[in-house]
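Chain residues, written in single-letter form:
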Amino acid sequence: MSHIQELIPPRPAPIVADKPLNISRIVGIAVITLWLLLAAALIFAMIEGWDWDKFQRYGPRYIDGLITTITLVGSSIILGAILSVPIAFARMSENRVIGALAYAYVYVFRSTPLLAQLFLIYYGLGSFRPALEAVDLWWFFREAWYCGLLSLTLNTAAYQAEILRGAIQSVPRGQHEGAASLGISKFITFRKIILPQALIVALRPYGNEIILMIKGSAVVSIVTVFDLMGQTRYAFSRTFDYQAYLWAAIFYLTIVETLRHVWAWLEARLTRHLKR
C-alpha cells in the first residue's frame, strides 16, 4: 500500500498582469467621473437651495401621493395576475378561436402605449355616458382613479399572461410524461409539479413587470389622479422649483430599490434548493 512521503511545497499565486490603459478604459473612466461630478453638483444644489417651508408645506402631499401610487400599483398587479391566468391558458388552448382572441388581446395591449390606453378608457368611454348610465357603470368610469386602475390592470394582465405562458411552456415535457407514468392526474401534476417550477422561472420577469408598472403608473397623473407624480406636478405649479421633480425621482428610486432587494431575497429564498 503506497503512501505519500513528501508534500508538494506551496507555490506562489500567479502574477496578475496589469491591464493596459486603452481607449475604452479612458472613455469609461471619463464617463464615470462625469457622472460623479454631476451627482456631487446635484447634491450640493439640493443642500444649498433647501427650503424648510416648502418641505413642511408639500411633504405631506408627497406622502399622500406615495400611498396612492403604492395602492394603485398593488391593486392593478393583483387584479392583473388574476386576469392573466385565463388569458395565459387561452393562449395555450388548442381551440383556434379562443387562442386568436387571447392573442389579439395580448397583442393590442402590449403593442400600444399605456398612455393611449388610459386616454381611450378615460376620455373615450366617457363619451358613452348615456349608455354607461343605463347599465349603472357611470359611477366607475367618471372617476379618474378607477379608470387608471382599469388601464393599468388590463395592461399588466397582458404582460403577466405572456410571462406565465412562457414559464409554463418552459417546463420540460418529461415532467408531464413522468407524472402520467405514475398515474398522477393532470390537475395534480399541474398544481404540484408544473406550476411550482414555472413560478420559479417567472419570478424574475414578474419582478421586472412590477418595477415597470411602478414607473409607468406616473401617467395617471395626466387624468387628474393625485398619485406621487400628480402631487409633484401640483407642488411644481405652486413653486416652480425643479427640486419638486427631483424629490419625486428620489421617491421612485427608493421604491424600486426597496422592491429590488426584497425580490432578490425572495428569489434566493425560493431557489435555495437549486444552488450547489
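The following paragraphs examine the structure supplied in this document. (Residues numbered from 1 in each chain as written. Predicted model: local features only at pLDDT ≥ 70, side-chain atom pairs only at ≥ 80, totals over all residues. Heavy atoms only, no water.)

**A short note on the overall build of the protein**
Next up, step 1: Summing up its helical and strand segments, the protein has 11 helices and zero strands in all.
Next up, step 2: Written out in order from the N terminus, the α and β elements of the protein read α-α-α-α-α-α-α-α-α-α-α.
Next up, step 3: Its C-alpha atoms give the protein a radius of gyration of 27 Å, more than 25% over the compact-globule value 19 Å for 276 residues.
Next up, step 4: Dimensions along the principal axes, computed over C-alpha positions, put the protein at roughly 95 × 70 × 35 Å.
Next up, step 5: A buried classification covers 34% of the 276 residues belonging to the protein.
Next up, step 6: Here the analysis covers contacts within the protein between residues at least 6 apart in sequence; of these, 74% occur between residues at least 24 apart. (Helix = DSSP H or I, 4+ residues; strand = E, 2+ residues; numbered from the N terminus. Rg over C-alpha atoms; globule rule 2.2 N^0.38 Å. Buried < 20%, exposed > 50% of the residue type's maximum accessible area, 1.4 Å probe, protein only. Contact = heavy atoms within 4.5 Å.)

**Notes on the packing of helix 2 (residues 52-91) against helix 10 (residues 228-239)**
Next up, step 1: Running from amino to carboxyl end, helix 2 crosses helix 10 at an angle of 155 degrees, the nearest separation of the two axes being 7 Å. Taken together, helix 2 and helix 10 sit at an angle that is classed as roughly antiparallel. Of the two elements, helix 2 crosses helix 10, and the hand of that crossing is right-handed. Together, Lys 54, Tyr 58, Arg 61, Tyr 62, Asp 64, Gly 65, Leu 66 and Thr 69 of helix 2 and Leu 228, Gln 231, Thr 232, Tyr 234, Ala 235, Arg 238 and Thr 239 of helix 10 make up the contact between the two elements.
Next up, step 2: Residue composition of the contact of helix 2 with helix 10, by class: six nonpolar, five polar and four charged. (Axes fitted to C-alpha atoms, helices over the stretch in contact; angles between N-to-C directions. Parallel < 35°, antiparallel > 145°, perpendicular 65-115°, else oblique. Left-handed = near helix turned anticlockwise from the far one by under 90°. Nonpolar A, V, L, I, M, F, W, Y, C, P; charged D, E, K, R; others polar.)

**Some details on the pattern of salt bridges**
Next up, step 1: Under the definition given, this model contains six salt bridges.
Next up, step 2: Across the salt bridge formed by Glu 267 and Arg 204, the nearest N and O atoms sit 2.9 Å from each other. Of this pair, Glu 267 sits in helix 11 (residues 243-270) while Arg 204 is found in helix 9 (residues 186-216), placing the two residues 63 residues apart along the sequence.
Next up, step 3: Taken together, the salt bridges that share partners define one network made up of Arg 91, Arg 110, Glu 162 and Arg 165. (Salt bridge = Lys/Arg side-chain N within 4 Å of Asp/Glu carboxyl O.)

**Concerning helix 2**
Next up, step 1: The terminal C-alpha atoms of helix 2 lie 55 Å apart, and with 40 residues this matches the ideal 58 Å at 1.5 Å per residue to within 8%.
Next up, step 2: Of all the bends found along helix 2, the most pronounced is centred on Tyr 58 and spans about 40 degrees, while Pro 60, a proline, follows it within four residues. (Expected span 1.5 Å × (residues − 1). Bend = angle between axes of the 7 residues up to and from the residue.)

**A word on the nonpolar core**
One recurring pattern in soluble globular proteins: nonpolar side chains tend to sit buried together.
Next up, step 1: Ranked by internal contacts, the top residues of the largest apolar core, which has 57 residues, are Tyr 62, Ile 87, Tyr 105 and Ile 214.
Next up, step 2: No other element matches helix 7 (residues 144-170), which puts 12 residues into this core.
Next up, step 3: The residues contacting Tyr 105, other than those within four sequence positions of it, are Leu 83, Ile 87, Leu 154, Ala 157 and Ala 158. (Core = buried A, V, L, I, M, F, W, Y, C linked by side-chain atoms within 4.5 Å.)

**Looking at the side chain of Ser 151**
Next up, step 1: Mapped onto the elements, Ser 151 comes out in helix 7.
Next up, step 2: Polar contacts involving the side chain of Ser 151 include one to the main-chain carbonyl oxygen of Gly 148, which spans 2.9 Å. (Polar contact = N/O pair within 3.5 Å; in protein donor to acceptor, adjacent residues only side chain to side chain.)

**Quick word on the packing of aromatic side chains**
Next up, step 1: Applying the stated rule across the entire model yields 15 aromatic pairs.
Next up, step 2: Arranged with centres 5.9 Å apart and planes meeting at 25 degrees, the rings of Tyr 103 and Tyr 107 form a pair that is stacked. Note that Tyr 103 and Tyr 107 are positioned in helix 3 (residues 96-111) at a spacing of four residues, about one turn of the helix.
Next up, step 3: For Tyr 103, a relative accessible area of 46% gives the class partly exposed.
Next up, step 4: When the ring of Phe 226 is compared with that of Tyr 234, the centres are 6.4 Å apart and the planes differ by 75 degrees; the resulting orientation is edge-to-face.
Next up, step 5: An aromatic cluster of at least three residues, connected via ring pairs, comprises Trp 139, Phe 140, Phe 141, Trp 145 and Tyr 146.
Next up, step 6: Its guanidinium or amino end placed over the ring of Tyr 234, Arg 61 lies 3.8 Å from that ring's centre, counting from NZ or CZ. (Phe/Tyr/Trp six-rings, centres within 6.5 Å; stacked < 30°, edge-to-face > 60°. Lys NZ or Arg CZ within 6 Å of the ring centre and 35° of its normal.)

**As for a nonpolar patch on the surface**
Next up, step 1: A cluster of nonpolar side chains, contributed by Leu 21, Ile 23, Ile 26, Val 27, Ile 29, Val 31, Leu 34, Trp 35 and Leu 38, occupies part of the molecular surface with about 940 Å² of accessible area.
Next up, step 2: Checked against the element boundaries, Leu 38 lands in helix 1 (residues 23-48). (Patch = residues over 30% accessible without salt bridge, like charges linked within 9 Å, V, L, I, M, F, W, Y side chains within 5 Å. Areas by Shrake-Rupley, 256 points an atom, 1.4 Å probe, with all protein chains shown as cover.)

**A few points about unusual backbone geometry**
With the exception of glycine, most residues fall at negative phi, and the peptide bonds are largely trans.
Next up, step 1: Although it is not a glycine, Thr 224 sits at a positive phi angle of roughly 70 degrees.
Next up, step 2: Within the element layout of this structure, Thr 224 appears in the loop between helix 9 and helix 10.
Next up, step 3: Residues other than glycine seldom take positive phi values, yet Phe 240 does so here, at roughly 55 degrees.
Next up, step 4: Tracing the sequence through the fold places Phe 240 in the loop between helix 10 and helix 11.
Next up, step 5: Its relative accessible area of 63% is what places Phe 240 among the exposed residues.

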